[in-house]
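Structural overview
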Amino acid sequence: QVQLVESGGGLVQAGGSLRLSCVASGRTFSSYYTMGWFRRAPGMEREFVAAIGVSPMYADSVKGRFTISRDNAKKTVYLQMNNLKPEDTAVYYCAGSGVLGALRSNQYDSWGQGTQVTVSS
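Residues numbered from 1 in each chain as written. Predicted model: local features only at pLDDT ≥ 70, side-chain atom pairs only at ≥ 80, totals over all residues. Heavy atoms only, no water.

**Here's the deal with the pairing of strand β8 (residues 76–81)**
Taken across its 6 residues, β8 has 5 buried, putting it largely inside the fold. Here 6 bridges tie strand β7 (residues 66–71) to β8, and the two strands are oriented antiparallel to one another. Along β8, the bridge assignment pairs Asp-71 with Thr-76. The antiparallel hairpin formed by β7 and β8 contains 4 residues in its connecting segment, where Lys-75 sits at a positive phi of about 55°. (Buried < 20%, exposed > 50% of the residue type's maximum accessible area, 1.4 Å probe, protein only. Helix = DSSP H or I, 4+ residues; strand = E, 2+ residues; numbered from the N terminus. Pairing = 2+ DSSP bridges.)

In structure tokens:
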């Protein structure tokens, strides 16, 4: 059974940092050509945050503040989030895709359950 499990969410003040982790099991991690992070804020559509295939890709809203990385040996993808803003408050989802360079959510076939990130002003 394919499983992605996120951790690292929490409550932080504006300007603070959090590091999200996502551990994969049940499928060869290297078969996920792209690992991504998406988020859904209350009342909003799910949106792309960052992805890593050959090279990292970021939404404009997080560029320069967030860093995505993956450790294939640990079957883990990370999202380092710095200089957090209240508008970053959302449930963050890890996802895996067999498509290299996937940016759209419908290109991802494995999803985690999500982890809540809340940024207070």
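**Examining a nonpolar patch on the surface**
The grouping of Tyr-33, Val-54 and Leu-100 at the surface amounts to a nonpolar patch, some 360 Å² of accessible area in total. Relative to the helices and strands, Val-54 is located in the loop between β5 (47–52) and β6 (56–58). With a relative accessible area of 73%, Val-54 lands in the exposed category. (Patch = residues over 30% accessible without salt bridge, like charges linked within 9 Å, V, L, I, M, F, W, Y side chains within 5 Å. Areas by Shrake-Rupley, 256 points an atom, 1.4 Å probe, with all protein chains shown as cover. Salt bridge = Lys/Arg side-chain N within 4 Å of Asp/Glu carboxyl O.)

**Focus on the nonpolar core**
Core analysis: the largest hydrophobic core is formed by 32 residues, its most contacted members being Trp-37, Leu-79, Met-81 and Tyr-92. When residues of this core are traced back to their parent elements, those giving at least two are β3 (18–25), β4 (34–40), β5, β7, β8, β9 (90–97) and β11 (115–120). No other element matches β5, which puts 5 residues into this core. (Core = buried A, V, L, I, M, F, W, Y, C linked by side-chain atoms within 4.5 Å.)

**Description of the pattern of salt bridges**
This model, assessed by the stated rule, comprises 5 salt bridges. Bridged by salt links that share partners, the residues Arg-39, Glu-47, Arg-65 and Asp-88 form one connected network.

**Quick notes on unusual backbone geometry**
Backbone geometry follows two general trends: most residues other than glycine have a negative phi, and most peptide bonds adopt the trans configuration. One non-glycine residue, Lys-75, lies in positive phi territory at about 55°. In this fold, Lys-75 is placed in the loop between β7 and β8. Judged by its relative accessible area of 37%, Lys-75 is partly exposed. Phi is positive for Asn-83, which is not a glycine, with a value near 50°. Structurally, the position occupied by Asn-83 is in the loop between β8 and β9.

**Quick word on the sheet that holds β7**
The antiparallel open sheet is built from 4 strands, whose spatial order is β1-β3-β8-β7. Edge strands, defined here as strands with exactly one partner in the open sheet, are β1 (3–7) and β7. Along the sheet, successive strands turn relative to each other by an average axial angle of 15°, direction set aside. Two strands pair when backbone bridges link them, and β1 and β3 are joined in this way by 5 bridges, in the antiparallel orientation. Bridge assignment links Val-5 to a residue of β3, and that residue is Val-23. (Axes fitted to C-alpha atoms, helices over the stretch in contact; angles between N-to-C directions.)

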